[in-house]
Each structure stands twice: as C-alpha cells, then as structure tokens.
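# Secondary and tertiary structure notes
Read off the chains here:
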Protein chains: 4
Amino acid sequence: MQTQTLERMESNVRTYSRSFPVVFSKAQNARLTDENGREYIDFLAGAGTLNYGHNNPHLKQAMIDYLATDGVVHGLDMWTDAKRDYLETLENVILKPRGLEYKVHLPGPTGTNAVEAAIRLARVAKGRHNIVTFTNGFHGVTMGALATTGNRKFREATGGIPTQGASFLPFDGYMGEHADTLDYFEKLLNDKSGGLDVPAGVIVETVQGEGGINVAGLEWLKRLADICKAHDILLIIDDIQAGCGRTGKFFSFEHAGIKPDMITNSKSLSGFGMPFAHVLMKPELDQWKPGQYNGTFRGFNLAMVTATAALKKYWTNDTFERDVQRKARIVEERFKSLATILTENGMPATERGRGLMRGIDVVSGDIADKITGMAFEHGLIIETSGQDGEVIKCLCPLTISDEDLLEGLDILEKCVNAVASQ
Amino acid sequence: MQTQTLERMESNVRTYSRSFPVVFSKAQNARLTDENGREYIDFLAGAGTLNYGHNNPHLKQAMIDYLATDGVVHGLDMWTDAKRDYLETLENVILKPRGLEYKVHLPGPTGTNAVEAAIRLARVAKGRHNIVTFTNGFHGVTMGALATTGNRKFREATGGIPTQGASFLPFDGYMGEHADTLDYFEKLLNDKSGGLDVPAGVIVETVQGEGGINVAGLEWLKRLADICKAHDILLIIDDIQAGCGRTGKFFSFEHAGIKPDMITNSKSLSGFGMPFAHVLMKPELDQWKPGQYNGTFRGFNLAMVTATAALKKYWTNDTFERDVQRKARIVEERFKSLATILTENGMPATERGRGLMRGIDVVSGDIADKITGMAFEHGLIIETSGQDGEVIKCLCPLTISDEDLLEGLDILEKCVNAVASQ
Amino acid sequence: MQTQTLERMESNVRTYSRSFPVVFSKAQNARLTDENGREYIDFLAGAGTLNYGHNNPHLKQAMIDYLATDGVVHGLDMWTDAKRDYLETLENVILKPRGLEYKVHLPGPTGTNAVEAAIRLARVAKGRHNIVTFTNGFHGVTMGALATTGNRKFREATGGIPTQGASFLPFDGYMGEHADTLDYFEKLLNDKSGGLDVPAGVIVETVQGEGGINVAGLEWLKRLADICKAHDILLIIDDIQAGCGRTGKFFSFEHAGIKPDMITNSKSLSGFGMPFAHVLMKPELDQWKPGQYNGTFRGFNLAMVTATAALKKYWTNDTFERDVQRKARIVEERFKSLATILTENGMPATERGRGLMRGIDVVSGDIADKITGMAFEHGLIIETSGQDGEVIKCLCPLTISDEDLLEGLDILEKCVNAVASQ
Amino acid sequence: MQTQTLERMESNVRTYSRSFPVVFSKAQNARLTDENGREYIDFLAGAGTLNYGHNNPHLKQAMIDYLATDGVVHGLDMWTDAKRDYLETLENVILKPRGLEYKVHLPGPTGTNAVEAAIRLARVAKGRHNIVTFTNGFHGVTMGALATTGNRKFREATGGIPTQGASFLPFDGYMGEHADTLDYFEKLLNDKSGGLDVPAGVIVETVQGEGGINVAGLEWLKRLADICKAHDILLIIDDIQAGCGRTGKFFSFEHAGIKPDMITNSKSLSGFGMPFAHVLMKPELDQWKPGQYNGTFRGFNLAMVTATAALKKYWTNDTFERDVQRKARIVEERFKSLATILTENGMPATERGRGLMRGIDVVSGDIADKITGMAFEHGLIIETSGQDGEVIKCLCPLTISDEDLLEGLDILEKCVNAVASQ
C-alpha cells in the first residue's frame, strides 16, 4: 500500500490512521476492506456515525435516485422538497409518536455546530451566560463548544485562549456510588456565593461516549430534568453519539421518560456517514432572528435525503429497536464475561453501557491499547475511550449481522485471553 | 407548493427561504427549478459553493462510480484511497505548478471549522493569542471564528459571551482612497502602548464576500505579507469564498504573487456542494499533536472524490481559468453600465470585484433589495452583501453558459432600469 | 444629624450606612461615637481591618512622629527609610521566628490588588491560566480577583463580562461532614477529561470571612498543601481577613503548620485602618520583571510606618497572641450558649470560628438581621456574613477591653433572647 | 545608605528605586531629601499624586487636627462627618460653580478601582459590554481596567489570560496631523460589520500621562462628546492624572467645555499622597444596587479630610488656577527651547502638554534616559513616559516655588546641553 503521500501531506493531527495504518478502499455494513483486500469487522463505525452500516443499500439507493433527478444538493437554507420530506418524516415518524413537539434548527452540518447553536440559543433565551456541563463530557472542539468539553488534549491546544461560559459538575457516579452528584449541583444552585453563575442551560450526554461509556442513571436523569425545571434552566441533551438508536431507542433519553428543552443530533443522523446535524428545540425557545446563526452547509440536501430514508426504513415500527436491544444483550453478556476473565487474571475490569453503546473498563490505557491493537491485527477495528483510553468501546453498526457481531466478539475474546494470560 | 410544514417546523433562523420563498426541486449548472417547474438563473450558487454549477455531471459521475464500488463514505480520518487521490491531485495539479508547498489539515467539513483550526494553530505556533482581522471580514460564527467576524448580527447573538482573541483593523480602502490602512497597522505593531497585542496571525480575505465585495489591492496584499514577515506574524488567507477559481485563479492570492503561511478553503472545494474544508499550512507550522483538533466528519470521502474530480477536470491547464476571466470581463462591463444607469438617475452606484466575484454598490440596502426582489420575480436569484445589504453581488457558477449569464444580466438590467426610473 | 447631603450625593452602592444610619464622628479602640455623642461597641472593626482598634495610640504616635519629621508620605515605589524599617521588621519579627522566607510585593494598597498580583504571578510562574478557588470564597471584586469570588451579587454586576480564569471547588465541609471535598479535587486533577484545567495555583482562606465563618480543618489544609505540592500547583493563602492575628496567630495558616507559596495580606496590615497590602512569595517565584504590575499608591509610607509600629508593639513576643486566644475562648463559649438558646427556641443555630473570627450560624438571614438590627439599637455594631447573611459574625478588635467585650456580648445575648422568645 | 534589605526583600517588580537608587527620608513641597541629606528637586511628584507638594502644611494640619479628636480613620462606607464635609465641599467648591451635577461613588482607594467601577457601571447602565479606549491610554492594571490600557508590558504579564471588553481606537493625532481619528470611530459606529461592538462607554484621558503627554485637541474632545451623545454612549473622562488642577483647571476637560457622563479621579485627590479615589457620575446613571461593588478601604476618612482641606485651600477662587497657568507658561517656554537645542543638534525633539503636564518628546528612549539619568545625578527627579520612554515628562507640584521650578529647569537644560553636544 502506498502511504508516502498520506504521511507527507497530511497534518500531524491525524489520529485513526495511526491506530489503523492501512489504506481502506471498500466498506459494506460492518465490514471494511483495505487495498490489499483484507477485511475487518468494524466495531467503531465512524465513532457512532454509521449506525445503519457502511454504504447501507436502502440509503444509497435513495441518494442515487435523488441525484438521478438532479435534485438540489446544495442550496444554502432555501426550501427544497428534500427538506420538506425530511421535516415531515421527522415529525411523523419520530416526534409525534413520542409525544414530542420541537422546532428544527439546521446549523452547519457537524455536531460542534449544533452544540454551539444550542448553547447560544439557551443563553439568548434565558439572558444568562453560563452552561453547566459534566466531567468527562465531550461536546465538540470549536471554541464555544470546547468550553463544555472536558478533555485537556483539546482544552490545552487553544494557543492561550481560555474557554469561557461553562461550569463543570460531577457526572452521575463521579463521586462514588454512594453520592448523588446532583446534591452538589442543587446545593450550588441554591447558594448565593457558591461560585456557580446561575446557568442558562445544562448540556449532558445520557451515555458519555468519548468520556468512557459512562452511563447516567435513569433516576439521575429524571432528577436532573426536575432540577432544571425548578430553577428555570434549559435541559439540553447532546444525543450526537447516543442518539439515532444507539441505546436501543431513537433518542437516548427516552429510557428516562424525560422531555428535554433542546436536543442535538448529528453523527448517524444522515444515516450514510454524511455531515448533517440539527438542533431540536421546544417551539417557545425559538428566539432566533433570521440569519443570526448561519453556515454555508446548513441545508445539505443529500444528507436529508438519506436521513429521510433511514427514518422510513428503520423507525416506522419497533422491529429495529427490538433487534438492537437483542444484540445489545449479546454484547453485554460477552463483555461481562471478558471483564470477568481480565479481573480473574489480576486486571480488574468492569462492563457498562446502554444498548449497543458498551464498554469494558480495563482501568489502564496500556492494557486497553494492547487488546485493541491485537484485535486490529486479527481483523477487528475497535477503539478505546475514557480519559486515559482505558475503556474498550463497542459502537458496531446497529445493522451488523449476527455472524459479524459474533466474529468480532470472538476476536476480542481471543485478544483478551491473550493479554490476560501474559 | 406546500410550505406549511417548512414554515411550522423550521427555526426562525432561516434566511434564504425568506428571500426566495419557493420550494426548489431540481438544479442543473446555473439553473434552479421550483416545484411548479419554474426555472431561475442562479447568480448566488450557494454563496460561492457551486463554482462548478449545480449537479456538475463530471463530478456526479465520479461520485456515482465511487458509490458503485462501495467506496468508504465515512471513516473518520482513516486512510482511504479517496483521500490519497485527493492529496496527490491537490499536490500535483494545484500546489506544485504554483511553487507552493503545504501540508493539509482536514478538520470538520465547514469553513468555520477550518478557520478555528487555522487561528488556533497560529496561536500555538507563535505562542501569542491575538489574531488581527479586518473591518467587514467574515470568517464564520462558531465562537473562535466569530471573534474574527465583523458582523454585529452574529456578534450580538452570543447570549452575553463577548468574543475574544482578535483585533479589528481597517481593510484596504476603509479610510478613504488616500490613506494606506497598513500604515495604521504598522504603527500599532511598532507601538509598545498602542493597545495591539502582538498578533500570532493575520486573517484576511483578498475579496470580502459577505462584507460587500471589498477588494484588497494587490500592492496592499503584498505589503501586508511583507509586514507579517517582518514581524514574525503568520499570514492566513481565508479563501473560503474567493478561492477555487472564483477570482480567475485557483487561489485568490495568486494575483498578488504572495505565499501565505496558511490558507483556508471550503465552499467550492468539494465542487459538488458537499461539506468539505481544509487548512493548508507551511510544513514547519504543523505543530499539531495527534488528535488535538478533531471532528466526526473530518475525512468526508465522498467530498474528496468530487474534489479530486473537479481538480482534474478544471485545473490541469489554464483553459478554465481563462474562460472565467473572459466571463468576468463581461460581468464587469455590464455591472459598470448598470452602476452608471443608477448614478445617472440619482442613485450613486459603483461597480467592483475581481474575477467572477463582482458587485454593484448601490449605497442603500433598500434600493438593493428592490432590485434583487424584482430580479427574483423575473427569474434571477441574486443576493446582496455588505454591512447594510447595499451591494448586489454576483457569484454565478464559473461554469455558467454564456446564454444563462447574459440572460441573468439582462434580467438584472431590466430591474435596475425599473428601479432607476421609479 | 444632617444626612441629606450624604443621601443625595453618595451612590446607591453604599451599604454599611444603611445598616448603621448614623453619622460617626469619633472612634477609640472598640468604641465608635456618633455625632450625638452616643457610643457603640464595635464588633465589626472595619470588617477585620482594625485588629488593633480604632485610633490605636501607639500607632497614631508613630504616624504623628513621622509626619513631624516630614517623612515621605508618597513616593511611589522609591526607597524610603520607612519602607526599609517595615521590611526589616517584617523579616525579623514575623518571618524569621516562624521559619519563613518570602519576598515582598507591595502592589496597590487594597486586598483585591494583592490578589490580582498573586494569581497573575502564579500564572506567569507556572505557565497555566487556571486558579482553583472555593465555594463561598471572597477575594475581591476587580475583574481578575472577581473570578475567584463566589458571590453572585458581584458576579452578576459586571455588565455582561463573564469572569474567566478560575474554577470553583467545594470548600471543606461543603458536601457534608462525611465527605472530604479534597477527594473531588484530587480526582479532577488526575482526570484528563474531567474539565479541570490544571491550575497554576489554589487560592483559599483558612477561615472564610465573607462566606460565613467557614473554617477549614487543619488536616484539610495540610492535605491541600500536600496535593498542591504533589501536582506542582502554588498554594496561595488569602490572609487578608484572617491574618494579622485574627485567628490567634499572626498568619492564620500557622495553626496547620503549612508554608504557603504565596500569602496576601491587607486589611489590618497597616494596623491603623489605612489602605495597605502586600503579597509574600517564596523567593524563587519572584518572576516579575521591573514594573510589570504597578499602581500609584504601591508604596504608602504612612501605612508602613504604622504597620511597623504594630509589629513591634504586638508581635515581638507571644503576650498578644495569648491574649487573643483567651478572648477567643470567651467569645466561643458565649456564642455556643447563644446558639443553644436559639436552637432550644426552634431556631437551629451553630457556633463556629477560629480565634476571634467567630460566628453564629442562625440559618436564616432574616433572623440574623433581626438580631443584629436590635443589637445596633442597643449600641452594638455587628454584621452578618454568609451567602444569605445568615451568620452573625464577630470581628471585634483584638485589643478590645474585657469590659467592652463582655458588654458587647451581653447586648448580643439580650437581643438573641428577645428574638428567641418572639 | 543601607539598601541590602530593600534589595533582598522587595520583589523584582519595583521600578522607581531602580531609576533613583537612594533611600529618601524627608520631603517638603517640591523637594525630596535622601538619607545622606542630599536634596532633589521633584518634577515627578508621585507621578502626579502630589499636586499640592509633599507634606503640604495646610493639609497636614487638617490631618493632625482630625487625628487629635480621634476622628474615624476607617469605617468602611459608614457615614462620618469627614465624609459629609468632603461631599459638601466637593459640591459647593467644585461642582456647583462649574454647573456640574454628579453623584459620588467611593470605591477602593486607587485609580484602577475607580476605572473598574466606572466601566462596569457603564456596561450595566447601557446593557452592552464593550468600552472604547484609545491608543497609548493608561487606565490601570487590574484585569478589568487592564483591558483599556494599551501598554504591552502589563498586557503581556497576565499569565495567559487575554483581557476582554474593550476596543482600542486611535487617539487624537495618532494617524498624523491631517487625519481626524474620530472619522474612523464614527465610521465604525455606523458600520454594521466593521467589527466594533457598539460600546457602552468611551474612556479617555484628555492628556495621556503614561502614554507620552499626548494632548487631545479641544475640538476633538468636543466632537468625541458629540459622537457619544449621538450614539447613546457614555463618555468617561479618566482624570486620574490630568485632574485636580494639573492642566490649569480642576478638571482637565473644562478647557473643552464638555460635561462627561462619568469622571474618575484619584492620585492628587486626597492632596496628601494618600490612597483615595472616586467616580463621579450623572445622577441618572447611578444604577448600582447596594453593595454591588465593594472594597475594604472604600471610605478612607483621613484622605477625605485632606481632600476637603485641599479643595478649601486652593479652589474657592481662581488664584491657584492662574498661578498654575503662569508656571505652565514658564515650563512650556523652557521646554520649547530645550526641544530646539536638541533638534538643532540632530536629535529631533518637540514640546507638548497642557498646563503643568508637559513633556519633551526626544523620539528615542535612550536619549531620554541619558538626560533624565544625568538630571538625577545633578539633583533633579524627573521621569520619562511614552511607549518607549521617549518623552521627558514634567509633573512638578503645582505648588512648587518659582525658585525650585527654575532650578529644576536649569538642571534639565544643563543635561540637555550635555547630551546634545555629545
């Protein structure tokens, strides 16, 4: 494989090509193929962007059909039939059946754009500047979003501009199993000199993806929603990684039965790996004036075409949802057993997750790297997350075949066993 | 046309659908067609995103071919053959023939992402936080980029977080024709108590698109480059709107014969209207550590496929370049004549621009609105720019046919005449 | 008493003249006298500025003697014999006997100036921007210091500029008696994505004055010092209110046996109520370049004259220290008994403090106001502190006579009894 | 002279003791005496703090009388007879005769405290965050004030926290004698995308002291006031150095016949070199809520006693004013002649100033240092100002005797001649 140009021309900032240093040329559902024809099971799936798999044929067909009619690919935020279809489908397939009523903001097509739009609107709507975010949260790296992202790697690379406008509070479980971290939040809210500027909004992931598959308890989420309501604070669920079915429901917060004030979605929203994002907001919060937040690619029609196709294909009944949950139980069981193997071999490990967003916390980034590095050699692409890369993280396509799922898990087991017995 | 869902569901933030309140369903080169089959000449072209026209057949074919082989659409920043092709083509077709040597950073696929990456790297590389930007500049709206964007509409909609890290200086011509605004910049640089924090970088558009087709003189650009060099400041050309051939050269700064330290491109970079952006930087500036700036869609292969096709189709010789310059002269001549008509009718107007990035400054946003509003009624889509929307701005596809170009100009002339005689 | 001019001319921002709306004309040790000749016992003492009492005769004499020789009153930061005397006395009387070695920065003569100087130097010295501060901390209101001050009254009155550069963490006891809040701090320090930017320094009061007489445990302070050392973080003790003998030692941190990297002093430092402040810093931290932090009144010689006299009078042996501790025990005992009275009458109250910095937390700001308001009517000046003004706070002069101390306590008891029996 | 303790104990940040490395022990009016009995003429006068000279006997007597009665020295912001006297005197002697009506805010007793209070109130009053300040302006170094101060020495010593909330514009004359810099300000105000956030206020010195004795023209000041009024922007005159008679009027803006919205005074306000400051604000701007801006030393009664005495002694008629103007003409004439000497010897120099705030710009900091260094050797204390220390600056006491004034000027002439003939 020729990689000289890639190595010479691309910035040092590149990362995944370091973990997986081959040139890929094909991809289908849960399989990636490199230039030499070697296939890999993909448990990474674009870090949760490919919930419906690589090159999903239904979505691809919708896209090709659209291109065939010379549909509008780019038209800024003009009205198109593709946009109308998307909004109607979103309303009818997703929102109405869940008793949700939201308006849709289509900002620039990336998660960080959606987060910036959401927190900015929260500030405008409430006339306060502060946003509460949580330890180990990840919400993007443009300067506005970065303020809410905990990772020092990004925070320390701003070239001397401190972020502003956000306060970190401990996520569920951060202070040990016996402490409810919301006690601290509530105390600070009620404390006139506690140093917490009354926030406009709270932004939270129900399961922290980059942060290490940290799962917010459903009671914790409910209480968080109650606290926000009681203090007139907007609750923003960042469902960029956990949404679009990843946890077994379309929205990850459905499990908790809450109705956030705003939701950010991206990653798997287009369904085909194309850049796309939206903010959903309760209608009364839509205090934007025309054009106050813009972006060149804020109405990427091709992505709306595949997004519409994905909703129609997978979300008009609960078949897909139940299948995801079924697979989730398989992964959960296997991961628990892998955690046990490691623990029994003196490497304490625990399993956690919700739906098909699951991880094994092996405590040490080195151990995790050993396992995932070996897995790649054996044909499985899987990454780590967590503050030190100590959590092996499964984000396989939700559409993965049982065969591929089991093969991937088998590879992982082999590697875990190898590392455990070293 | 059914627009209720669109009106009900989409955020108030929408803008272009207010100026052009129809539902579009088809687009080909310089023509948009609405649901009722009415055709419009498109002088907006995605605000400069569609330099090669809507649904460019060469690019579409490349994309369909890629999809047909199940090429990798999304793979984060893994290596793919599509990325390698893009980098090789960029190097061979664009950089080498121009004597340029740059490394490529593929950040999130939007202009604002590229700007944030560029100014952040400039800060890191120079160990200083300040970025000099210019009056009427537009560089994006995420918080980092917003600091360099002059428009109050965006600056005042942050919900109480002032931007930081940038200082505005007067763009070429801002202080009248007799003053060289760089005198002021140079004086401030040499003044230990002038209040200008020594900047890490200067970010500038050679022709300000959103700011009103304000054209930086070539001598001014050269002097700016010299000042930057003399003071160890990085020169960042934001070529997001003016690049990719818009001014008659691939990079808009080629006219001035300068070699910036960094370049940001987006908009027409994919050629097909798909979200895509890169930062080019001199190799020695690439001080990023792996993963310090990330984003889910930072390697959008489909966009790289069309971007490669566009480079191969239009930039391997100077035929396209010369054709753009030829059309530019047509627009220039016609715009001058329109400006004369208005001026002679008591509405002072001037023409300006470089290449096919041209405008008529009619001084008043109301007059400009009247003309462009009437133009839309007559089948021409054209927008205004400038701080008060006082500049009628032509950003037609560079690939527009002479027939469409002339028809568009004729419509505009009709409207100018009508408004002039009111 | 004529108060019209005062009411008409002075800004609404005034506060103490609202609680004590009389015109004072004389003051001696722990007694203030109003224009009508009415005397008041002063348990406020300039919020801890008059540790040696109003118009301390020894200090006044030193000042008058200095004036008589036409000593330099103001000379910016030139060298004077008064400054030399002060530095020598500070070294010989205070620092050396305690085994401390510090350099002295004389910034602008107020606490907030000293805090800004200290945290700025910490940032410069460590090359990091963040400062950890604690819930309910108060460190001044100029913008740099305000970032470390928890009180919303000040934080919300900046006119839309959020503070930056500080992170709040829970003070000792903030999470209940069973949680060691430093566990949270340490976890955040070790967590690469916890959202805590590695701090340059920690600023802390050993007893929070404005925050409600919250007392940091000695073990907590020791552990804090250890954590700082282990993580290469500077420990800054803000001893502006608790220093100069208030807790029964010259420095309030002496009880814990720690040696901070920096110390800020002001309030009682001049001893005579005159504006004066200094920062003490370990010699190796003195990375200031000449003139990098300035101020017109940074060498207020008159204040140094009285400061020197105070050190010589009260700190050359332990007589004064032991007397303060003796009086402290009297106040402690009486406050405990007052707390019991309130508690037994259905108003839960607790006593706390260290040395002569003591308070009764009556939980409710209204109850506290009733008691202190009644006290004023009976001739005792005493204020409240805490986030809701719920803590009655004794900061009487350390030099108060036993008669005045007991009379003041008797008045307070009378008022507590009256409120308790309402 | 013993200086070891001073050198060992005091922070490197010290400055004036480097230019004048002797230990002073006495001071009377315009004369300082060092420990060895050597006398120096003082043309520095505490950088404008000692307009009424060192140890002014009238003021000293008032202070001693006050101390003799045990007047309240420190009482936070309680009402005292000293404060009432000060406010009444300020109103009757200064404000009413000038047709001015202001309320008085007594913040912390330093200039930077007053500036922070003023700009913060401007923001609160106007609901906007931006403050316009000017090139070479100096308004203090606490973080809020620092944003408005141009000097890089301070701006670069914040340890990585960029200032925020202010925009620099060119001061009068900054762009050469033919350009009115307010044209640029006005253009930016009217430009919706010029990058200037609509300011809450403008802060300006009528004569820039630290910036190099840059004198704002009276027409420029009038136009600035008009622009502010037209755009609903508050005009804040920072009269900390130029006020209290320095320019020949009590307020430096009287020459221009304008009435600012706010005024900051400090330095010579107490008259005796004691820390003291106030903000004067138009009554309708007093939107402070009780206690929103505080500080321990915000009612320093001793300073109010001498401030009152100074007003009564020097400002009840125009005798003092006329005497200052007479002396100013002497200095002006002599400085012009010194500038001519230098110019004729190949060192281009110019004289400028207003009243007794005068300077000789010798273009080079080295030349200025040579002259002032030699002057010190000959018994004259005089400092330099300007971005590079290129302006020799006379701020002698306004009360200087003609003998001392002439002797000082003679010394300076001798040194100028010596340097000119080198």
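Parameters at a glance
Residues numbered from 1 in each chain as written. Chains lettered and ligands numbered in written order. Predicted model: local features only at pLDDT ≥ 70, side-chain atom pairs only at ≥ 80, totals over all residues. Heavy atoms only, no water. UniProt positions renumbered as here; feature names shortened; annotations may be inferred. Helix = DSSP H or I, 4+ residues; strand = E, 2+ residues; numbered from the N terminus. Rg over C-alpha atoms; globule rule 2.2 N^0.38 Å. Buried < 20%, exposed > 50% of the residue type's maximum accessible area, 1.4 Å probe, protein only. Contact = heavy atoms within 4.5 Å. Buried area = accessible area lost by both parts, 1.4 Å probe. Salt bridge = Lys/Arg side-chain N within 4 Å of Asp/Glu carboxyl O. Nonpolar A, V, L, I, M, F, W, Y, C, P; charged D, E, K, R; others polar. Least-squares fit on C-alpha atoms with pLDDT ≥ 70 in both. Polar contact = N/O pair within 3.5 Å; in protein donor to acceptor, adjacent residues only side chain to side chain. Phe/Tyr/Trp six-rings, centres within 6.5 Å; stacked < 30°, edge-to-face > 60°. Lys NZ or Arg CZ within 6 Å of the ring centre and 35° of its normal.

Going by an unreviewed UniProt entry, chain A carries the name Diaminobutyrate--2-oxoglutarate transaminase and comes from Vreelandella gomseomensis. A UniProt comment under Sequence similarities (unreviewed entry) is attached to chain A, and it reads "Belongs to the class-III pyridoxal-phosphate-dependent aminotransferase family."

### Some words on the overall build of chain A
Looking only at helices and strands, one finds 14 helices and 18 strands in chain A. A globule of 422 residues ought to have a C-alpha radius of gyration of about 22 Å, and chain A, at 21 Å, matches this closely. Residues counted as buried form 71% of the 422 residues belonging to chain A. Restricting to contacts in chain A with at least 6 residues of sequence separation, those with at least 24 account for 73%.

### Looking at the interface of chain B and chain C
Each side of the interface is counted separately: chain B has four residues, and chain C has four residues. The contact between chain B and chain C buries some 240 Å² in all, and 50% of this surface belongs to carbon and sulfur atoms. Counting across the chain B and chain C interface gives zero salt bridges. Partitioned by chemical class, the residues of the side of chain B that touches chain C number two nonpolar, two polar and no charged.

### Things to note about the relation of the copies chain B and chain C
Superposition record for chain B on chain C: RMSD 0.0 Å, screw rotation 180°, translation along axis 0.0 Å. The transformation just described matches what one would write down for a two-fold rotation axis. Within chain B, G160(B) has its C-alpha nearest the rotation axis, a separation of 2.9 Å. Mapped onto chain C, 100% of the interface residues of chain B again fall at the interface, so both copies present the same surface.

### Re the interface of chain B and chain A
The interface is formed by 109 residues belonging to chain B together with 110 residues belonging to chain A. Between chain B and chain A, the buried area comes to about 9800 Å², and carbon and sulfur atoms account for 62% of it. The three residues of chain B that bury the most area against chain A are M9(B), M78(B) and W79(B), which together make up 10% of that side's buried surface. Inspection of the region where chain B meets chain A yields eight salt bridges. A salt bridge links R8(B) to E91(A), with the shortest nitrogen-to-oxygen separation between them at 2.4 Å. Here chain B is connected to chain A by 52 residue pairs in polar contact (both at pLDDT 80 or more). The dominant element in the side of chain B that touches chain A, judged by the number of residues it contributes, is helix α5 (residues 81-95) of chain B, at seven residues. Split by residue class, the side of chain B that touches chain A holds 49 nonpolar, 35 polar and 25 charged.

### Focus on unusual backbone geometry
Although it is not a glycine, A47(C) adopts a positive phi angle of roughly 50°. Within the secondary structure, A47(C) is located in helix α3 (residues 45-48). At D70(D), a residue that is not glycine, the phi angle is positive and equals roughly 55°. The residue D70(D) is located in the loop between α4 (57-68) and β4 (79-80) in this model. Its relative accessible area of 13% is what places D70(D) among the buried residues.

### Concerning the packing of aromatic side chains
Considering all chains together, one arrives at 76 aromatic pairs over all chains under this definition. Ring centres of Y16(B) and F20(B) lie 6.5 Å apart, and the angle between their planes is 10°; on these two criteria the pair is classed as stacked. Judged by centre distance (4.9 Å) and plane angle (10°), the ring pair of Y52(B) and Y314(B) falls under stacked. Here Y314(B) lies in helix α11 (residues 301-314) and Y52(B) lies in the loop between α3 (45-48) and α4 (57-68), a separation of 262 residues in the sequence. One exposure class covers both Y52(B) and Y314(B), and it is buried. Site record: aromatic cluster; members linked through ring pairs are Y52(A), F250(A), F251(A), F253(A), Y314(A), W315(A) and F320(A). When the ring centre of Y174(C) is taken as reference, the NZ or CZ atom of K187(A) above it lies at 4.5 Å.

### Focus on the relation of the copies chain B and chain A
Mapping chain B onto chain A is achieved by rotating through 180° and translating by 0.0 Å along the same axis, at an RMSD of 0.0 Å. A high fraction, 100%, of the interface residues of chain B reappear at the interface in chain A, so the copies pair face to face through one surface.

### So, the side chain of T33(D)
Residue and element names in this part refer to chain D. Locating T33 in the fold gives a position in strand β2 (residues 31-34). Owing to a relative accessible area of 13%, T33 belongs among the buried residues under this scheme. Non-local contacts of T33, meaning those with residues more than four positions away in its chain, are made with F24, S25, K26, R38 and E39.

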